[in-house]
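Notes for the structure review
Here is what each chain is made of, one letter per residue.
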Amino acid sequence: MAQAPGKTTLTGWLFKGPALTLLAFFMVYPILSSLWMSLQVGKGMNFSFGGFANMWRLTQDAVFQQALLNTLTLLVVQVPIMITLAMLMAVALNDPSLKGRGLFRTAIFLPCVTSLVAYSVLFKSMFAYDGVVNRFLEALHIMDQPIPWLSDAFWAKTLIILAITWRWTGYNMIFFLASLQNIDPSIYEAARIDGIPRWAQFIKITLPALKPVILFTTVTSTIGTLQLFDEVNTITPLGGPSNSTLTLSLYIYQLSFKFMPSFGYAATVSYVIVVLVMILSFIQFVVARERRRP
Amino acid sequence: MNRQLHRIMVYALLSIAAFVSVFPFLWLILGATNISPDILSGKTTPGHALFDNIVKLTQQVDLLQLFYNSTKIAVIATALTLVVASLSGYAFEIFRSKLSDRIFAGLLAMLSIPFAALMIPLFVIMAKLHLINTHTAVIIPTIASIFIIFYFRQATKSFPTELRDAARVDGLKEWQIFLYIYVPVMRSTYAAATIIIFMANWNNYLWPLIVLQTNDTKTITLAVASLLSAYVPDYGVVMVATTLATLPTLFIFFVLQKQFVQGLLGSLK
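Analysis parameters
Residues numbered from 1 in each chain as written. Chains lettered and ligands numbered in written order. Predicted model: local features only at pLDDT ≥ 70, side-chain atom pairs only at ≥ 80, totals over all residues. Heavy atoms only, no water. Helix = DSSP H or I, 4+ residues; strand = E, 2+ residues; numbered from the N terminus. Rg over C-alpha atoms; globule rule 2.2 N^0.38 Å. Buried < 20%, exposed > 50% of the residue type's maximum accessible area, 1.4 Å probe, protein only. Contact = heavy atoms within 4.5 Å. Areas by Shrake-Rupley, 256 points an atom, 1.4 Å probe, with all protein chains shown as cover. Lys, Arg positive; Asp, Glu negative; His and termini not counted. Charge placed at Lys NZ, Arg CZ, Asp CG, Glu CD. Axes fitted to C-alpha atoms, helices over the stretch in contact; angles between N-to-C directions. Parallel < 35°, antiparallel > 145°, perpendicular 65-115°, else oblique. Left-handed = near helix turned anticlockwise from the far one by under 90°. Nonpolar A, V, L, I, M, F, W, Y, C, P; charged D, E, K, R; others polar. Expected span 1.5 Å × (residues − 1). Arc of directions from axis to C-beta. Phe/Tyr/Trp six-rings, centres within 6.5 Å; stacked < 30°, edge-to-face > 60°. Lys NZ or Arg CZ within 6 Å of the ring centre and 35° of its normal. Buried area = accessible area lost by both parts, 1.4 Å probe. Salt bridge = Lys/Arg side-chain N within 4 Å of Asp/Glu carboxyl O. Polar contact = N/O pair within 3.5 Å; in protein donor to acceptor, adjacent residues only side chain to side chain. pLDDT = per-residue confidence, 0-100.

1. Side note on the overall build of chain B
When you go through chain B residue by residue, the secondary structure sums to 15 helices and zero strands. Taking 2.2 N^0.38 as the reference for a compact globule, 269 residues should give roughly 18 Å; the C-alpha atoms of chain B span a radius of gyration of 23 Å, well beyond that estimate. Viewed in the frame of its principal axes, chain B has a C-alpha envelope of about 70 × 70 × 35 Å. Counting only residues that meet the buried cut, chain B has 54% of its 269 residues in that class. Intrachain contacts of chain B at a sequence separation of at least 6 include 73% that bridge at least 24 residues. For chain B, the computed accessible surface area is about 12300 Å², with 69% contributed by carbon and sulfur atoms. If the 18 positive side-chain charges of chain B are averaged to one point and the 11 negative ones to another, these points end up 9 Å apart.

What follows is the structure, encoded as structure tokens:
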């Protein structure tokens, strides 16, 4: 080593310097600032210290509670469906004897190039009352009456779930595919010779090998869905029929930039998301560890 | 027999999935050639309104300006992010100490903080700096992307130590090792990161929506959203705008699919 260790340490900090400076101003400071704001009450730029007044307001705010419930509902329904689909498709595509694998993979992966706004445009027009999806369902005789996708509370939520699933399934599938390629094919060969059926191979070999990816995709999807904004703001502006698609992020946006700004309260709502992310990540890690034990 | 049935089911399922995935893209192109009422009534054949829709779009928005703004923001943000994030990602792996590792763990914890929790203070900061409605305000908070720092740190684990040691023995300075050895060796990592950062910036919506307030500073993504939020949106026009907004990322996807996939997986290594 040509250089003294002290000097290389300094170089190291110089390399990290620009990133750490930017993060201090545009990440750490905002985090602390919004924590401080959440203790302030008032409109616009006129703040006064309110202590826990904003937290009390949360318990009284029916709109907030609905946004929280909506966000959690979307999360609980959408994430498991998408992760399961992504995993199944990856398993199907991982079969080397399958013809047209590359084509299928590209097609299923394609949705993730679209911007969130762009695919919202597509879904809003396809799911119009007389739109192509309702026409198609009628032609298949699945429905005799068009579904009010955009004007009914239940269907609006369903539409948002379908849209997110369309956009992100292929994206998550890529992680599963990569992980499947790391499993030694000779294990399956041995299982096949022993006469172990396919479904048992899936449960005994594939699933345990995929555990880290299931955790990774579930955590990132959970964080993503908790922050859901672009799609709901474009497909169902203002929170959709009777606020059925109002998410926490959309509510924060409305509180801060749409109505008379109430930054302190909005910051309090944003910390609800932070707490939710922390709780859910923690639960998922604990569950993952418990499963590993036996 | 059972095996064959299984095979057929797999093909059927994958075909449905592929159709569902690709159909909206066909719908987009069909939509660009149709008039709004036809789009909303589910017409699935090409129309004759493409030229009309383009003309109407150019009357409503300044396309050149929108593309200039989007490209400018995405290119500058990508370049700065690459420099800042790769330097620190490299350093977090190479120049390690207890303090450095602790800071890195802190950064990872911040990765799960939602943007909604940051946007109000960020807006206040930008207002104080008189940067509201500027592209600088859009770019600055995205540069030190923790995700990309993490990505480069993971990738640096595969950077051969012998190369670095040899260079040190040869008397190269640390910045020379980074610039003349690390960057060229890791070019596929840079390629993948470039795609991810460029797409994220090109498609960014919430933060630009808050910061950019006049038509001359807006991006193509914002323009699509505002065309759609009109009281009676003209879907033919919106579809043309959406097609144009999607073309660059679609192009990148098809040309650089391999690197794109590799880029996504880089964070998982």
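2. Describing the overall build of chain A
Within chain A, the regular secondary structure consists of 12 helices and two strands. Each helix and strand of chain A, ordered N terminal to C terminal, gives the series α-β-β-α-α-α-α-α-α-α-α-α-α-α. For chain A, whose C-alpha radius of gyration is 24 Å, the value lies well above the compact-globule estimate of 19 Å for 294 residues. For the C-alpha atoms alone, the extent of chain A along its principal axes is close to 80 × 75 × 35 Å. A buried classification covers 52% of the 294 residues belonging to chain A. At a minimum sequence separation of 6, the contacts of chain A that also span at least 24 residues come to 68%. Accessible surface, chain A: about 13900 Å² in total, of which carbon and sulfur atoms supply 69%.

3. Points about the packing of helix 5 (residues 98–110) of chain B against helix 8 (residues 146–156) of chain B
Residue and element names in this part refer to chain B. At a minimum axis distance of 9 Å, the contact between helix 5 and helix 8 shows a crossing angle of 130°. Considering their axes alone, helix 5 and helix 8 lie oblique with respect to each other. For the element pair helix 5 and helix 8, the recorded crossing hand is left-handed. Residues D101, F104, L107, L108 and M110 of helix 5 form the contact with helix 8, whose participating residues are I146, I149, F150 and R153. Here the residues of the contact of helix 5 with helix 8 sort into seven nonpolar, no polar and two charged.

4. Description of the environment of W13 of chain A
Tracing the backbone shows W13 of chain A in helix 1 (residues 5–37). The exposure class of W13 of chain A is partly exposed, given its relative accessible area of 26%. If near-sequence neighbours (up to four positions away) are discounted, W13 of chain A is found in contact with L20 of chain A together with S97, L99, S100 and I103 of chain B.

5. Observations concerning helix 10 (residues 174–185) of chain B
All names here are of chain B. In this model helix 10 runs 15 Å from its N-terminal to its C-terminal C-alpha over 12 residues, within 8% of the 16 Å that 1.5 Å per residue would give. Those residues of helix 10 lying buried are E174, I177, F178, I181 and Y182. Buried positions in helix 10, seen along its axis, are confined to an arc of 125° and lie on one side of it.

6. A look at the packing of aromatic side chains
Counted according to the given criterion, the structure contains 36 aromatic pairs over all chains. Taking the centre distance of 6.4 Å and the plane angle of 25° together, the rings of F104 of chain B and F150 of chain B count as stacked. Note that F104 of chain B is positioned in helix 5 and F150 of chain B in helix 8, a separation of 46 residues in sequence. Like F104 of chain B, the residue F150 of chain B is buried in the burial classification. Aromatic ring contacts, followed pair by pair, group F15 of chain A together with Y90, F95, Y151, F152, F159, F178, Y182 and Y190 of chain B into a single cluster. Of note, K16 of chain A hangs over the ring of W13 of chain A, and the distance from its end group to the ring centre comes to 4.2 Å. Cation over ring: R153 of chain B sits above F104 of chain B, and NZ or CZ is 4.2 Å from the ring centre.

7. Points about unusual backbone geometry
Residue and element names in this part refer to chain B. Notably, H130 is not glycine yet its phi reads approximately 55°, a positive angle. Mapped onto the elements of the fold, H130 is located in the loop between helix 6 (115–128) and helix 7 (135–143). Assessed through its relative accessible area of 69%, H130 is described here as exposed.

8. Some remarks on the interface of chain B and chain A
On the chain A side, the residues contacting the 88 residues of chain B number 80 residues. Both faces considered, chain B and chain A share a buried interface measuring about 7600 Å² in area, 80% of it formed by carbon and sulfur atoms. At the junction of chain B and chain A, the tally comes to zero salt bridges. Here chain B and chain A share 11 residue pairs in polar contact (both at pLDDT 80 or more) between them. Sorting elements by how many residues they give to the side of chain B that touches chain A places helix 1 (residues 2–32) of chain B first, with 17 residues.

9. Thoughts on helix 11 (residues 187–203) of chain B
All names here are of chain B. Counted at 1.5 Å a residue, the expected span for helix 11 with its 17 residues is 24 Å, and the 24 Å between its end C-alpha atoms agrees. The buried fraction of helix 11 is high, at 12 of 17 residues. Listed as buried for helix 11 are T189, Y190, A192, A193, I195, I196, I197, F198, M199, N201, W202 and N203.

10. Here we look at the environment of V75 of chain B
Residue and element names in this part refer to chain B. In this fold, V75 is placed in helix 4 (residues 63–94). We classify V75 as partly exposed; its relative accessible area is 43%. Once the C-alpha coordinates of V75 and K43 are considered, the two residues, 32 residues apart in sequence, prove to be 38 Å apart.

11. A few points about the confidence of the model for chain A
Averaged over all residues, the pLDDT of chain A equals 81, while 91% of them reach at least 70. For chain A, the element scoring lowest by mean pLDDT is strand 2 (residues 48–49) of chain A, at 67; helix 3 (residues 62–93) of chain A scores highest, at 90.

12. Thoughts on the packing of helix 1 of chain B against helix 14 (residues 235–255) of chain B
Residue and element names in this part refer to chain B. With their axes 8 Å apart at the nearest point, helix 1 and helix 14 run at an angle of 130° to one another. When the interaxial angle is binned, helix 1 and helix 14 end up oblique. You can see that helix 1 and helix 14 cross each other, and the crossing is left-handed. On the side of helix 1, the interface is formed by F25, W27, L28, G31 and A32, while helix 14 contributes G236, M239, V240, T242, T243, T246 and L250.

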